[in-house]
Amino acid sequence: MKHQDLSDADPEVHKALENEMERQEKEGLEMIASENFVPRQVLQAQGSILTNKYCEGYPGKRYYAGCEHHDTIEDLARERACEIFGADHANIQPHSGSQANFAAYFSVLEAGDKVLGPVLAHGGHLTHGHGVNFSGDLFDFGTYPINKETEEFEKEDILEAAREHDPDLIVCGYSAYPREIDFEMFREVADEVDALLMCDIAHISGLVAAGEHESPFPECDIVTTTTHKSIRGARGGMILCKDKYAKDIDKAVFPYSQGGPLMHQLAAKAVCFNEAMKPEFEDYARQIKENAEALAKGLQDNGLKLVSGGTDNHLVLVDLRDEDITGKEAEAALEEVDIIVNKNMVPYDPESPRVTSGVRIGTPALTTRGMEEDELEEIGEMIAERVKNPGDGKLEEEINNRVHELLKEFPLYEDSEVEY
Ligand SMILES: *Cc1c(COP(=O)(O)O)cnc(C)c1O
């Protein structure tokens, strides 16, 4: 086998990779609420020789020889995850958030069982019962809505939906909900209808890890998450649970729904958890929230409406129903000035999911770049002006220039000798 530098071995892939580095570093303000930039140490673990090994099974109980160092790594990751989240047990093998949810459901449910999840257009994820997803196909999902008045999840609505559907499991945790999740309230509802409670903290796990969002334990029975959003690690998923469910969770991941774990990803997850236990991570998580508040101020002071009137976490959801622009058009207008966001349904949206009346804007990635309240408030103002005046060419140029000044002022990997 001939070892070569990627640039020599495969110039086409290498070129695309270089172009992507350039894009991430210099070409836009990354404000997609689910994205982030991982530190070099995570990239290093991910791009390592750990990818060479089959390790089906769990530490001490593998189906292959030669797994001792992999056991060390997986044990470290599991122990760190349990410590960070206050869980009895962690399974860090799920390849993604969706895989984590698949295994979590099948650990305690059988196909056809009843589950209650949020209305997808009110902040839920595809794996929370959508018809195009396995979840909607294999389980009998009912939904609970966001309250039309408060634009938050309220006990009365959830209890009513739960009494009507009589679920075996209730799912909370969202992709586009700007408010704190009230786990005690969900527990009360679950107890009332004798259901298990699962929370999918994919978006907020970085905040939870730092104590900047209430912990889902002890109220929840099972907690799933991604490891690449606000927690800023390798792409992947994880399941946390109480002791009682540990065996069933492990069986539902392997052998029920996955084969060999991606050990390089597991190592990168361990490294990410190590980062999440450092005091700097608490500062980062606190800053994410302060930045979201500053962003909200910039948007609202300049005339835009936010779903629920603000934010408690890392994102805002702009409600464009009173504006002359759809979510789709706003996303495109902002992309033209190199501000990268995504269109998103608002609760009770009259538009289709392809068009929408909202945009979702998050602060984790810019917080990682080092931006603080002044920058985020200014970006909020620029977003509001752009969305309100999409035809103004002079304004477009002004904003785009300022965006590129900010990108220069807050470099990403430039000075850190990252090998990518
Ligand atoms: C992102 C997300 C997921 C899915 O994660 P993937 O790794 O993309 O499969 C699941 N649940 C919620 C709430 C999410 O936001």
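Residues numbered from 1 in each chain as written. Predicted model: local features only at pLDDT ≥ 70, side-chain atom pairs only at ≥ 80, totals over all residues. Heavy atoms only, no water.

Draft legend 1. Focus on the sheet that holds strand β10 (residues 237-241). If you trace the seven strands from one edge of the open sheet to the other, you get β4-β10-β9-β8-β7-β5-β6, paired in mixed fashion. With one partner strand each, in any of the chains shown, β4 (89-91) and β6 (140-144) form the two edges of the open sheet. On average, each strand axis in the sheet is tilted by 20° relative to the strand beside it, whichever way the strands run. Strand direction decides the pairing type here: β4 and β10, joined by three bridges, are antiparallel. Note that in β10 the partner of His89 across the bridge is Cys241. (Pairing = 2+ DSSP bridges. Helix = DSSP H or I, 4+ residues; strand = E, 2+ residues; numbered from the N terminus. Axes fitted to C-alpha atoms, helices over the stretch in contact; angles between N-to-C directions.)

Draft legend 2. The arrangement of the packing of aromatic side chains in detail. Across all of its chains, the model carries 15 aromatic pairs by this definition. For the ring pair Phe102 and Phe106, a centre distance of 4.9 Å and an interplane angle of 40° mean the geometry is tilted. Of this pair, Phe102 and Phe106 both sit in helix α5 (residues 97-108), four residues apart, roughly one helical turn. Ring geometry for Phe106 against Tyr256: centres 5.4 Å apart, planes inclined by 45°, an arrangement best described as tilted. Pair noted here: Phe106 is in helix α5 and Tyr256 is in helix α10 (residues 246-257), with a separation of 150 residues, a long-range link. Judged by relative accessible area, Phe106 falls into the buried class, the value being 15%. Members of the aromatic cluster, each reached through a chain of ring pairs, are Phe102, Tyr105, Phe106, Phe134, Phe139, Phe141 and Tyr256. Sitting above the plane of the Tyr348 ring, Lys148 keeps its charged end 4.9 Å from the centroid. (Phe/Tyr/Trp six-rings, centres within 6.5 Å; stacked < 30°, edge-to-face > 60°. Buried < 20%, exposed > 50% of the residue type's maximum accessible area, 1.4 Å probe, protein only. Lys NZ or Arg CZ within 6 Å of the ring centre and 35° of its normal.)

Draft legend 3. Focus on the side chain of Ser34. With respect to the helices and strands, the residue Ser34 is situated in the loop between β1 (29-30) and α3 (40-46). Classification of Ser34 by relative accessible area gives buried; the value is 18%. Residues contacting Ser34, with those up to four places away along its chain left out, are His203, His228, Lys229 and Arg360. (Contact = heavy atoms within 4.5 Å.)

Draft legend 4. Molecular detail of the packing of helix α15 (residues 373-388) against helix α16 (residues 393-409). Orientation of α15 relative to α16, taken along the N-to-C sense of each, is 155°, at an axis distance of 11 Å. Here α16 runs roughly antiparallel to α15, going by the angle between their axes. Crossing hand, α15 versus α16: left-handed. Taken together, the residues of α16 that come into contact with α15 (itself represented by Glu375, Glu378, Ile379, Met382, Glu385 and Arg386) are Leu395, Glu396, Ile399, Arg402, Val403 and Leu406. Of the residues in the contact of α15 with α16, the class split is six nonpolar, no polar and six charged. (Parallel < 35°, antiparallel > 145°, perpendicular 65-115°, else oblique. Left-handed = near helix turned anticlockwise from the far one by under 90°. Nonpolar A, V, L, I, M, F, W, Y, C, P; charged D, E, K, R; others polar.)

Draft legend 5. Examining helix α8 (residues 183-192) more closely. Taken together, the buried positions of α8 are Phe183, Met185, Phe186, Arg187, Val189 and Ala190. Buried residues belonging to α8 abut β6, α7 (155-165), β7 (169-172) and β8 (196-200). Looking one or two residues past α8, Asp194 carries a phi angle of roughly 60°, positive in sign.

Interpretation in functional terms is not warranted from these geometric data alone.
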